[in-house]
Amino acid sequence: MGIIGWIILGLLAGGIAKVLLPGRDPGGLIGTTLIGIAGAFTGGWLSAKFLDRSIQNDFFDLATWGSAIAGSLVLLIAYRILFGNSRN
């Protein structure tokens, strides 16, 4: 899967992470989307590095989707913890 595929996967993973963690995000839709893209890359890298799971070339691989969504969730939670209280 190329860079464009990972970006599309990240967009979708960010949307799924937003549905799983509803609420106001400091960055809004654009921030959540960027977090989703970064989460997909991070989740894929961590999966390949530490879980000995190679990154698949298939866009519809369930493990790839799971790692992208998990990475997005982790980054979204960290983002909310770090920047969530900036709007008072």
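So, a few notes on the structure that sits alongside this text. Remember, predicted model here, so these are calculated numbers, not experimental data. (Residues numbered from 1 in each chain as written. Predicted model: local features only at pLDDT ≥ 70, side-chain atom pairs only at ≥ 80, totals over all residues. Heavy atoms only, no water.)

Here's the deal with the environment of Gly10
Relative to the helices and strands, Gly10 resides in helix 1 (residues 3–20). Separated by 26 residues in sequence, Gly10 and Gly36 have C-alpha atoms that sit 4.8 Å apart. Contacts of Gly10, omitting those with residues within four sequence positions, involve Gly36, Ile37 and Ala40. (Helix = DSSP H or I, 4+ residues; strand = E, 2+ residues; numbered from the N terminus. Contact = heavy atoms within 4.5 Å.)

Topic: helix 2 (residues 28–50)
For helix 2, spanning 23 residues, the distance from its first C-alpha to its last is 31 Å, which sits close to the expected 33 Å at 1.5 Å a residue. Asp52 sits one or two residues past helix 2 and shows a positive phi near 55 degrees. (Expected span 1.5 Å × (residues − 1).)

Thoughts on the nonpolar core
Most often, soluble globular proteins have nonpolar side chains that are buried together. Counting seven residues, the largest nonpolar core is built from Trp6, Leu9, Ala13, Ala40, Trp65, Ala68 and Ile69. Listed by contribution, the elements that provide at least two residues to this core are helix 1 and helix 3 (62–83). (Core = buried A, V, L, I, M, F, W, Y, C linked by side-chain atoms within 4.5 Å. Buried < 20%, exposed > 50% of the residue type's maximum accessible area, 1.4 Å probe, protein only.)

Regarding the side chain of Ser67
In this structure, Ser67 sits in helix 3. Taking relative accessible area as the criterion, Ser67 reaches 13% and is therefore assigned buried. The contacts of Ser67, once residues within four sequence positions are left out, are Gly39, Gly43, Gly44 and Ser47.

Describing a nonpolar patch on the surface
Residues Ile3, Ile4, Ile7, Ile8, Leu11, Leu12 and Phe41 make up a contiguous nonpolar surface patch of roughly 610 Å² in combined accessible area. Tracing the sequence through the fold places Phe41 in helix 2. (Patch = residues over 30% accessible without salt bridge, like charges linked within 9 Å, V, L, I, M, F, W, Y side chains within 5 Å. Areas by Shrake-Rupley, 256 points an atom, 1.4 Å probe, with all protein chains shown as cover. Salt bridge = Lys/Arg side-chain N within 4 Å of Asp/Glu carboxyl O.)

Thoughts on the packing of helix 1 against helix 3
Between helix 1 and helix 3, whose axes approach to 8 Å, the crossing angle comes to 60 degrees. Looking at the two axes, helix 1 sits oblique to helix 3. Crossing of helix 1 over helix 3 shows right-handed handedness. Along its contact with helix 1, which presents Trp6, Leu9, Leu12, Ala13, Gly14, Ile16, Ala17, Lys18 and Leu20, the element helix 3 presents Thr64, Trp65, Ala68, Ile69, Ser72, Leu73, Leu76 and Arg80. Taken together, the residues of the contact of helix 1 with helix 3 break down into twelve nonpolar, three polar and two charged. (Axes fitted to C-alpha atoms, helices over the stretch in contact; angles between N-to-C directions. Parallel < 35°, antiparallel > 145°, perpendicular 65-115°, else oblique. Left-handed = near helix turned anticlockwise from the far one by under 90°. Nonpolar A, V, L, I, M, F, W, Y, C, P; charged D, E, K, R; others polar.)

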